[in-house]
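Residue-level structure breakdown
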Amino acid sequence: MLGKLIKYEFHAVSRFLLPLHLALILITFVGRFYVQFALDNINYRFALFHVSLVMFYVLALFAIFVLTYVYLYILRPHRNWFSDEGYLMHTLPVTPAQHIWSKLIVSVCWIIMDLFLLGLSIFLMMINPDVLQSWPKFIEMLQEMVVSFTGFDYVLGTITYVISLLVDCARGILVVYMCMAIGHSFNQYKLLISIAIYIGVYIGTSLVNTLAAILLAIPFGGSGFSSLFIVSNSALGTGKMTWFEIVFSLVVATIAFFITQYFLSKQLNLE
Amino acid sequence: METLMECRQLSKHYGNKIALDHINLTIERGRIIGLLGPNGSGKTTLIKLINGILTPTSGCLYINGQIPGVETKKAVSYLPERTYFNSWMKVTDILHFFSDFYVDFDSRRALEMLHRLNINESDRLRTMSKGTKEKVQLIMVMSRDADLYCLDEPIGGVDPAARDYILQTIITNYRENATVLISTHLISDIENVLDDAIFIQGGRIMLTGSVDDIRMREGKSVDALFREVFRC
Amino acid sequence: MAWVLDDSRPIYLQLANKIQSDIISGVYRPGDKLPSVRDLAMDAAVNPNTMQKALIELERSGLIYTQRTSGRFISEDAQKVTIMKENLAKEQIRLFLSNMQQLGFENQEILHFMEETLKEERRWKH
């Protein structure tokens, strides 16, 4: 049954995300050829036009990123579990745990796909003979960074970051599910309560995380998933710190999973 | 006769509001039963409890001797008041969905009924009227070989032709080891189709009995009795 | 088309009466096979269980009988149908008489009226 749920979840989610990412690929290719053209025929009269095209590209990238997240984290589970569709989903002969796993697995897969495609897009935009030439150097630099940030060797450091990314991603999704499930057990202000709980959980976990880090006498700071976007932060972390955060995230994710499961099975409150 | 469903001291509260109040009820196999009561009497709450999308506040409910869960969901087919299919779905998507998740789903029966309504597998729900969508949903629900069918207000707000179609579908698909539970406040429309009537009001069972017994005893239709019992 | 049923009497009795009158009026002939319970129920737009009950009622009166494998049949005993028909006729006449008596007519007068009405009807037809 889990397999069937995953199949249908993937199908349903892809209906929205596939065109979105096809658009990303299209923008990338068109943009790439345009960049080539612009570089070959430099004409400063069009400078403003070029700048606004770059702006458009960056905005499109950002929009795709945000839409993917909002859709996977909020819109899809809300629609499928707590709107009229919930009447269909929650009377299927499957357990709440299977419902959660199916959505979690499909969402994590799509997030990875999304990040990969965004990275690829940026790479393709930037690529030129110069970049290609210095590519091995860049990789080397990246490896050095990983080694110096984590204190591990390159392989273990990379594994650490990949696991950290996956776990943080799952944790983020499960916490949102939990907040939504709790919020929808109320008769009124479902959305407001969901958001309030999310903020509470966010502050609470950050606090515990920080306190634990201080107690463990490790230089604190966010690493893992968030560090991909706030590179400055991860510079403070070490590999051990990241592993501590992985364990902490796993604990939070597990708790969120069980609370979601409880609310889906015992406190479901469809309109 | 064999018991299909049983409620013992079943209660459901929403905060301070009592939706069901210590209900004792036994439902047997092979019956078509009307769950009759005014709006807000607890009909939908009872049906949701049977389907496991609500949990009792106290008391218990058994279907085939089991509390609602994965096993009972295999045996209960539920038509809620809501239309729950995505509008982008094609009829064939829905057929696959049901036959994937419900072992007892009979695709051939569903297709036969759909074709009789001139609905094709490749039709999208988006192109259908609200009434047609509701019929598709009813066909899906009735095409399962379930033990218990729960139809929540299937004839509320439909035209007489649609109502006849719904009742006909229920009669055609009747099997003697299965029970159909129909909740409604429009009794005269379905009275001839019912074996038994359950009157519910304010979360309490007011009366249960076979329709013909009630007619024999009271000398009036169940609908007339209902109007007397629930006179405002 | 659904059968016309009234509100006051049990449904199964009304169904039994309807089939009985179909037999008497010749819609079904002696020895005919009755449609299945499900088909009859569909036709009448009633619950199959109720139709079943009506047929059992008719079996009790001997108007139909069940052959275990092949279904239900109208009694081949034509006399039984005739008797049933006569009984029904007598019942109607008795009902008519009692109504007329309530209006204050003597039996002789009723007979006279009857003859007059019949004559009139015959005239209309010609």
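So, the nonpolar core
Ranked by internal contacts, the top residues of the largest apolar core, which has 154 residues, are Ile 50, Phe 85, Phe 98, Met 140 and Leu 151 of chain B together with Leu 15 and Met 51 of chain C. Broken down by element, this core gets its largest block of residues, twelve residues, from helix 6 (residues 154–183) of chain A. In this structure, this core is formed jointly by two domains, domain 1 (1–132) and domain 2 (134–271) of chain A, each of which donates at least three residues. Setting aside residues no more than four positions away along its own chain, Met 140 of chain B makes contact with Phe 85, Ile 94, Leu 95, Phe 98, Phe 105 and Leu 114 of chain B.

Some details on the interface of chain B and chain C
Often, the extent of an interface is quoted as the loss of accessible area on bringing the components together. Contact with chain B, which involves 20 residues of that partner, is made by 19 residues of chain C. Buried surface at the junction of chain B and chain C, both sides included, amounts to about 1600 Å², of which 49% is carbon and sulfur. On the chain B side of the interface with chain C, the three residues burying the most area are Ile 171, Asn 192 and Asp 212 of chain B, jointly 38% of the side's total. Run the count over chain B and chain C and you get zero salt bridges. The tally of links from chain B across to chain C stands at eleven residue pairs in polar contact (both at pLDDT 80 or more). Tallying contributions element by element places helix 8 (residues 211–218) of chain B first for the side of chain B that touches chain C, with four residues. Class assignment of the residues belonging to the side of chain B that touches chain C gives a composition of seven nonpolar, seven polar and six charged.

Considerations on empty space enclosed by the protein
This model, assessed by the stated rule, comprises one cavity of 30 Å³ or more. The calculated volume of the largest cavity comes to roughly 60 Å³. Lining the largest cavity, in full, are Tyr 87, Leu 88 and Thr 91 of chain A together with Ser 77, Tyr 78, Pro 80, Tyr 84, Phe 98, Tyr 102, Val 141 and Arg 144 of chain B. For the lining of the largest cavity, the elements supplying multiple residues, two or more each, are helix 3 (85–89) of chain A together with strand 5 (76–79) of chain B.

The rules behind the values
- Residues numbered from 1 in each chain as written.
- Chains lettered and ligands numbered in written order.
- Predicted model: local features only at pLDDT ≥ 70, side-chain atom pairs only at ≥ 80, totals over all residues.
- Heavy atoms only, no water.
- Core = buried A, V, L, I, M, F, W, Y, C linked by side-chain atoms within 4.5 Å.
- Buried < 20%, exposed > 50% of the residue type's maximum accessible area, 1.4 Å probe, protein only.
- Helix = DSSP H or I, 4+ residues; strand = E, 2+ residues; numbered from the N terminus.
- Domains from an automatic or database assignment.
- Contact = heavy atoms within 4.5 Å.
- Buried area = accessible area lost by both parts, 1.4 Å probe.
- Salt bridge = Lys/Arg side-chain N within 4 Å of Asp/Glu carboxyl O.
- Polar contact = N/O pair within 3.5 Å; in protein donor to acceptor, adjacent residues only side chain to side chain.
- Nonpolar A, V, L, I, M, F, W, Y, C, P; charged D, E, K, R; others polar.
- 1 Å grid on protein atoms, 1.4 Å probe; cavity = no way out; pocket = protein on both sides within 12 Å on 5 of 7 lines; lining within 4 Å.
- Points joined across faces, edges and corners; volume = space filled by probe spheres on them.

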